[in-house]
Amino acid sequence: MELEPLEVCPYDPSHHIRKSRLQRHLTICSKNHPNSNMKRCHFNASHIVKKVDFEKHLLECPDREAVLGASSDDPDILTPMDALANADPNGWGEGAWGNESAGETYKPIEAMKDRAIPHAKIALSKAQRREHRHQERRRCNEVINKEQVKTGNRRSV
């Protein structure tokens, strides 16, 4: 059985973590060291660098090309931070759902009135529940009778 190589935690050098567990550890360790002068790389979440070296790291990050899909020297390529700066501040695109004026909203109780589906009410006393059940049975029987009259299959219920 081959041992997995260990990585050193950038927050606490006494921590040695298996590479497969590194990102999880970094998340936990970053919460334990909130005042550290470290930032997480935009291209690889396991890259934690000092804030003073952060801009330099972004330009030299080995994962930059893999994420951007082109040469890192190309000036037309936006970094993730540039893309965020140009993004819609609300997070909604032009086709946002809230932009178009919605017609009438869906009301499930109204939709059930024409169907033989009894609906329950909550927070009623025992007598009120009994009365509600009787009303729902009557309503469902009326809906069934109306459907049978339309189709010509009238039966007494």
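Residues numbered from 1 in each chain as written. Predicted model: local features only at pLDDT ≥ 70, side-chain atom pairs only at ≥ 80, totals over all residues. Heavy atoms only, no water.

Peer 1: Quick question: what am I supposed to make of the overall build of the chain here?
Peer 2: Looking only at helices and strands, one finds six helices and four strands in the chain. When its helices and strands are written in sequence order, the chain yields β-β-α-β-β-α-α-α-α-α. Counting all 157 residues of the chain, 18% fall into the buried class. Counted over contacts in the chain with a minimum sequence separation of 6, partners at least 24 positions apart contribute 17%. (Helix = DSSP H or I, 4+ residues; strand = E, 2+ residues; numbered from the N terminus. Buried < 20%, exposed > 50% of the residue type's maximum accessible area, 1.4 Å probe, protein only. Contact = heavy atoms within 4.5 Å.)

Peer 1: Whenever I open this one, helix α6 (residues 126-151) confuses me. Can you help?
Peer 2: Residues spaced three or four apart along an α-helix face the same direction, because each turn holds 3.6 residues. Between the first and last C-alpha of α6 there are 38 Å, a value that for 26 residues agrees with the 38 Å anticipated at 1.5 Å per step. Those residues of α6 lying buried are His132, Glu136, Arg139, Cys140, Val143 and Gln148. Buried residues along α6 sit against α5 (108-112). Remark: Gly152 follows α6 within two positions and exhibits a positive phi of approximately 85°. (Expected span 1.5 Å × (residues − 1).)

Peer 1: So what exactly am I meant to see when it comes to the layout of surface pockets here?
Peer 2: Approximately 160 Å³ is the volume found for the largest pocket. Around the largest pocket, the lining residues are Lys113, Asp114, Arg139, Glu142, Val143, Lys146, Glu147 and Lys150. Its residues placed into classes, the lining of the largest pocket shows one nonpolar, no polar and seven charged. (1 Å grid on protein atoms, 1.4 Å probe; cavity = no way out; pocket = protein on both sides within 12 Å on 5 of 7 lines; lining within 4 Å. Points joined across faces, edges and corners; volume = space filled by probe spheres on them. Nonpolar A, V, L, I, M, F, W, Y, C, P; charged D, E, K, R; others polar.)

Peer 1: What am I meant to see in the side chain of Asn44 here?
Peer 2: Within the fold, Asn44 resides in the loop between β3 (38-40) and β4 (48-50). Once residues within four sequence positions are removed from consideration, Asn44 is found in contact with Gln23 and Asp63.

Peer 1: Help me out: how do you make sense of the nonpolar core in this one?
Peer 2: Soluble globular proteins tend to pack their nonpolar side chains together in the buried interior. Ranked by size, the top nonpolar core spans eight residues in total: Cys9, Tyr11, Ile17, Leu22, Leu26, Cys29, Met38 and Ile48. Sorting elements by how many residues they give to this core places helix α1 (residues 22-32) first, with three residues. Sequence-distant contacts of Cys9, that is, excluding residues within four places in its chain, are made with His15, Ile17, His25, Leu26 and Cys29. (Core = buried A, V, L, I, M, F, W, Y, C linked by side-chain atoms within 4.5 Å.)

Peer 1: I'm lost on unusual backbone geometry in this one. Help?
Peer 2: A negative phi angle characterises most non-glycine residues, just as the trans form characterises most peptide bonds. Phi is positive for Ala123, which is not a glycine, with a value near 65°. Mapped onto the elements of the fold, Ala123 is located in the loop between α5 and α6.

Peer 1: Looking at this structure, how should I read α1?
Peer 2: Every buried residue of α1 is accounted for by Leu22, His25, Leu26 and Cys29. Axial view of α1: buried residues confined to an arc of 100°, hence all on one face. Exposed side of α1, more than 90 degrees from the buried face: Arg24 and Lys31 are the residues found there. Close packing links the buried residues of α1 with β1 (6-8), β2 (16-18), β3 and β4. (Arc of directions from axis to C-beta.)

Peer 1: Looking at this structure, I do not really get a positive patch on the surface. What am I missing?
Peer 2: On the surface, a cluster of positive charge is made up of Lys126, Arg129, Arg130, Arg133 and Arg137. Looking at where Arg133 falls in the secondary structure, it is placed in helix α6. (Patch = residues over 30% accessible without salt bridge, like charges linked within 9 Å, V, L, I, M, F, W, Y side chains within 5 Å. Areas by Shrake-Rupley, 256 points an atom, 1.4 Å probe, with all protein chains shown as cover. Salt bridge = Lys/Arg side-chain N within 4 Å of Asp/Glu carboxyl O. Lys, Arg positive; Asp, Glu negative; His and termini not counted. Charge placed at Lys NZ, Arg CZ, Asp CG, Glu CD.)

Peer 1: I'm lost on the pattern of salt bridges in this one. Help?
Peer 2: Pairs can form between side chains of opposite charge whenever their charged atoms are close. Counted under the stated rule, the structure contains three salt bridges. Between Glu136 and Arg139 there is a salt bridge; the shortest N-O distance is 2.9 Å. Here the residue Glu136 and the residue Arg139 both occupy positions in helix α6, the gap between them amounting to three residues, near one helical turn. Judged by relative accessible area, which is 9%, Glu136 ranks as buried. On the basis of relative accessible area, Arg139 is assigned to the buried category, the value being 17%.

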